[in-house]
Amino acid sequence: MIIMNGQSPARIACVQMDVVQGNVGQNLDTAQRMIEQACQNGANLLVLPEMYNTGCVFDRRSDVFALAEAVPNGRSSRMLENIARKHGIYIVASLVEKEENDLFNTAILVGPDGFVGKYRKLHPCEDEVYWVEPGNLGLPVFHTRIGRIGVIICLDAYYPETFRILALQGADIVCVPSNWSDVKETRALPDPYWTMAPVLCMANALSNHIIVAGTNRVGQTGKMKFPGQSIIVGPWGNPIAGPGLMKEGVIYADVDLCDSRRKYFHPTNSRLANRRIDVYSYDLGYRPEKYM
């Protein structure tokens, strides 16, 4: 566990919930119950799974469209916003956003003062490409009272550029709402890992000296199984909480988000400062002004 020094303390909570496909009311009830539990345990930065309100297994675009909501004015966003205001906390969660005739897999960030911002998933996964548009808001970093928060969603974590660009923009933590599926049956992974995603969170935290909080759902929809494995990783790449068990629950870690800015390692071994930008682009070609 990282020791807090009073600069930017946070108790991170990965809310690992079971999601009932298509049942928004029940999912919101579950989320509210688990968020309240996390708040009672002192959490002030909570990360929920990807598509926490609807589930992610769809056969027809019309089914997705029927459940999509406006952001931030939809029912699911408003619920999170009201809880965040009530408890003075920050919450990250993903849901399907409707903007006119387009759909996006969108992560929202809400806080003590309400809606902070949103991020749209850049890399749709498998059948998701048939009903969601690729994200068009870039990779924003949100400056909050507890630190600088970046967000990506699920498959985005398989692209190291996402973490690196957020780190170069000063992110202290990257939150990763996800629907990582169970691949243990087809790929030999060492215990306790049932999916490669927690390993990617550890590797990218280390490569960029940032904190990473990845939350996965549990349960099953059809043949799709979701093993949990939520994880909170320190800037040295070490798990400080998790991987979570394959059941509903919350994992916690007490951190100082600004630890990501303190480069304790030897100056000749700085992952960011000693990059060879004479060989490759400083910012990987990212142009944030394009998304402003």
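Our structure is the block above this text.
The model shown is predicted, which means the values in this text are computed figures rather than measured ones.

Core analysis: the largest hydrophobic core is formed by 49 residues, its most contacted members being I12, I152, I173 and I232. Not counting the four nearest positions on each side in its chain, I173 is found in contact with I12, L45, R148, I149, G150, I211, V212, A213 and L257. Core analysis: the next-biggest nonpolar cluster, separate from the first, contains 27 residues, A31, A43, L46 and L80 among them.

If you check helix α1 (residues 24–40), its first and last C-alpha atoms are 24 Å apart, about what 17 residues at 1.5 Å a residue would give, namely 24 Å. Among the residues of α1, V24, N27, L28, T30, A31, M34, I35, E36, A38 and C39 are the ones counted as buried. Among the residues trailing α1, G42 stands out with phi positive, at a value near 90°.

Our next topic: the packing of aromatic side chains. Overall, the coordinates contain one aromatic pair when judged by the stated rule. Each ring, one from F58 and one from W131, has its centre 5.6 Å from the other, and the planes form 75°; the classification is edge-to-face. Residue F58 is located in the loop between β2 (45–47) and α2 (61–67), and its partner W131 is located in the loop between β5 (114–120) and β6 (141–144); the two are separated by 73 residues in the primary sequence. Like F58, the residue W131 is buried in the burial classification. The ring of F104 has R120 sitting right over it, with the charged end atom 3.9 Å from the ring centre.

To continue, consider the packing of helix α4 (residues 160–168) against helix α5 (residues 197–208). Closest axis-to-axis distance for the α4/α5 pair is 10 Å, and the angle between their directions is 35°. Seen along the crossing, α4 lies across α5 with a hand that is right-handed. Each of P160, F163, R164 and A167 in α4 lies in contact with α5, whose residues at this interface are N204, S207 and N208. Considering only residue class, the contact of α4 with α5 consists of three nonpolar, three polar and one charged.

Mapped onto the fold, N216 is located in strand β9 (residues 211–216). Given a relative accessible area of 0%, N216 falls into the buried group.

With that out of the way, let us pick up the pattern of salt bridges. Once their charged atoms are close, side chains differing in charge can pair, the charge on each being opposite to the other. A full pass over the atoms with the stated rule returns 14 salt bridges. Between D254 and R11 there is a salt bridge; the shortest N-O distance is 2.6 Å. Of the two residues, D254 is situated in strand β14 (residues 249–256) and R11 in strand β1 (residues 9–16); the sequence distance between them amounts to 243 residues. For the salt bridge of D113 with R145, the shortest nitrogen-to-oxygen distance reads 2.7 Å. Here R145 lies in the loop between β6 and β7 (147–151) and D113 lies in the loop between β4 (102–111) and β5, a separation of 32 residues in the sequence. One exposure class covers both D113 and R145, and it is exposed. Via salt bridges that share partners, E97, E99, K118 and R120 belong to a single interconnected network.

Rules of the game
- Residue indices begin from 1 for each chain and proceed along its sequence in written order.
- Restriction of local features to residues with pLDDT of at least 70 applies here, the model being predicted, together with a cutoff of 80 or more for giving and counting side-chain atom pairs; totals for whole chains, interfaces and linings are based on all residues.
- Working from all heavy atoms in the structure, the side-chain values ignore hydrogens and water.
- We call a set of buried residues a nonpolar core when its members are Ala, Val, Leu, Ile, Met, Phe, Trp, Tyr or Cys and they connect through side-chain atoms within 4.5 Å of each other.
- Relative accessibility under 20% of the residue-type maximum defines a buried residue, over 50% an exposed one, and the middle range a partly exposed one, all with a 1.4 Å probe and only protein chains included.
- Whether two residues touch is decided by their heavy atoms; if any such pair falls within 4.5 Å, the residues are in contact.
- For helices the rule is a DSSP run of H or I covering at least 4 residues; for strands it is a run of E covering at least 2, with both sets numbered from the N terminus onward.
- Take the residue count of a helix, subtract one, and multiply by 1.5 Å to get its expected span.
- Here a Phe, Tyr or Trp ring, Trp counted by its six-membered ring, pairs with any other such ring whose centre lies within 6.5 Å, and the pair is stacked when the planes are under 30 degrees apart, edge-to-face when over 60, and tilted otherwise.
- Only lysine NZ and arginine CZ atoms are considered, and such an atom sits over a ring when it is within 6 Å of the ring centre and within 35 degrees of the ring normal.
- Here an axis means a line fitted to C-alpha atoms, over the contact stretch when the element is a helix, while the angle between two N-to-C directions is reported on a 0 to 180 degree scale.
- Whether a crossing is left-handed or right-handed is set by the direction in which the near helix is turned from the far one by less than a right angle, anticlockwise for left-handed and clockwise for right-handed.
- Under the convention adopted here, Pro, Cys and the residues Ala, Val, Leu, Ile, Met, Phe, Trp and Tyr are nonpolar, Asp, Glu, Lys and Arg are charged, and Gly plus all remaining residues are polar.
- Counted as salt bridges are all cases of a side-chain nitrogen of Lys or Arg within 4 Å of a carboxyl oxygen of Asp or Glu.

So yeah, pure geometry; function would need other evidence.
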